[in-house]
Amino acid sequence: MKDIEKILATFDPATGRMDGAPLTQRFLHDLRRCFHDAAAFEQAAAAGNPLIYTVAGVEPGAGDGDLHYGVGMIMPGRIGDEYYMTKGHLHSWREAAEVYCGLAGEGVMLLEDEDGGNSRMVPLGAGKVVYVPGRTAHRTMNTGTVPLTYIGIYPAKAGHDYSTIARKNFTSIVVERNGAPAMVRRGTKA
Ligand code: S6P
Ligand code: ZN
């Protein structure tokens, strides 16, 4: 059996910080070309480089049957009408699915078939579990006023493909409309 350090982890559901786990931090300048409103991005990026999200990652093993997981935290905020969000990715091993459990705060996930033909916005928050099927690009947004925290659990072999998203971005965006999140096609006015 694995050592207790690999079996048990302790995290703070309010902040997403986990004892002893490496923390990836993404700042606004890391998210260039993710947001649809380029002018709003440049204005915000000129004013500063705030922390947008963190992921505390746990990788207990790398075998065929192993799992990895990460506790994510996204700050509340928007660039123009678009909510703070993750870069988003496909898994390098395309068949790899993932389970997200919301811990605190309010948010949504944007799920898109790899061919971009089908987009879906799914709520993520305390009491919500989202199953992300294989071959599905996924990006997470904080639509609330406090940090959104969640845990994502995925096969150790999944890997992360960020380059496909960097090249094509998501077909849809999630924006604030009348105080609520709405999914619209990129490049259209809703
Ligand atoms: C990993 C899982 C999450 C994300 C996290 C940050 O497969 O989906 O832990 O890594 O939500 O998003 P991103 O797109 O920057 O990896
Ligand atoms: Zn993933």
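Anything mentioned here points back to the structure above.
The structure contained in this document is the topic of the report that follows. (Residues numbered from 1 in each chain as written. Chains lettered and ligands numbered in written order. Predicted model: local features only at pLDDT ≥ 70, side-chain atom pairs only at ≥ 80, totals over all residues. Heavy atoms only, no water.)

Right, let's talk about the nonpolar core for a bit. Residues Leu28, Phe35, Ile79, Tyr100, Met109, Val130 and Met141 are the most contacted members of the largest nonpolar core, which totals 31 residues. The leading source of residues in this core is strand E7 (residues 106-113), at four residues. Setting aside anything within four residues of it in sequence, one finds Val130 in contact with Glu98, Val99, Tyr100, Met109, Leu111, Val122, Pro123 and Leu124. Residues Ala21, Ala56, Val58 and Val71 belong to the second largest nonpolar core, which totals seven residues. (Core = buried A, V, L, I, M, F, W, Y, C linked by side-chain atoms within 4.5 Å. Buried < 20%, exposed > 50% of the residue type's maximum accessible area, 1.4 Å probe, protein only. Helix = DSSP H or I, 4+ residues; strand = E, 2+ residues; numbered from the N terminus. Contact = heavy atoms within 4.5 Å.)

Taken together, 14 residues surround ligand 1, and among them Tyr53, Glu98, Tyr100, Tyr150 and Tyr162 come closest. Take Tyr100: an N or O atom from its side chain is 2.5 Å from an oxygen atom of ligand 1. Taken by itself ligand 1 offers 400 Å² of open surface, and the protein chains cover 97% of this. Across the shell around ligand 1, the residue classes break down as six nonpolar, six polar and two charged. (Near = heavy atom within 4 Å. Polar contact = N/O pair within 3.5 Å; in protein donor to acceptor, adjacent residues only side chain to side chain. Areas by Shrake-Rupley, 256 points an atom, 1.4 Å probe, with all protein chains shown as cover. Nonpolar A, V, L, I, M, F, W, Y, C, P; charged D, E, K, R; others polar.)

Strand order in the open sheet formed by three strands is E8-E7-E10, with antiparallel pairing between adjacent strands. The sheet is open, and its two borders are formed by strand E8 (119-125) and strand E10 (136-142), each paired with just one other strand. Taking the axes of each pair of neighbouring strands and ignoring which way they run, one obtains an average angle of 25° across the sheet. Summarising the sheet, E7 and E8 pair through seven bridges and their orientation is antiparallel. Counterpart to Leu111 in the pairing with E8 is Arg120. (Pairing = 2+ DSSP bridges. Axes fitted to C-alpha atoms, helices over the stretch in contact; angles between N-to-C directions.)

Ideal values for angles at a metal depend on the geometry: 109.5 degrees with four tetrahedral donors, 90 or 180 degrees with six octahedral donors. Taken together, the protein ligands of the zinc ion (ligand 2) are His89 (NE2), His91 (NE2), Glu98 (OE) and His138 (NE2), with distances of 2.1 to 2.3 Å. Classification of the site at the zinc ion (ligand 2) as octahedral follows from its six donor atoms and the range of 71 to 174° in their angles at the metal. Between consecutive donor residues of the zinc ion (ligand 2), the sequence gaps follow H-x1-H-x6-E-x39-H. Separated by 49 residues along the polypeptide, His89 in the loop between strand E5 (82-83) and strand E6 (98-104) and His138 in strand E10 bring together distant segments of the chain. (Donors = N, O, S within 2.8 Å, 3.2 Å for Na, K, Ca; no water. Tetrahedral: all angles 85-135°; square planar, octahedral: opposite > 155°, others 65-115°.)

Pairing is antiparallel in the open sheet, where six strands are placed in the order E1-E2-E3-E11-E6-E9. Strands at the two margins of the open sheet, each flanked by one partner only, are strand E1 (23-27) and strand E9 (129-132). Across this sheet, the average inter-strand angle for adjacent strands is 20°, counted without regard to direction. Pairing between E6 and strand E11 (residues 148-155): five bridges, direction antiparallel. Paired with Val99 across the strands is Ile153, a residue of E11.

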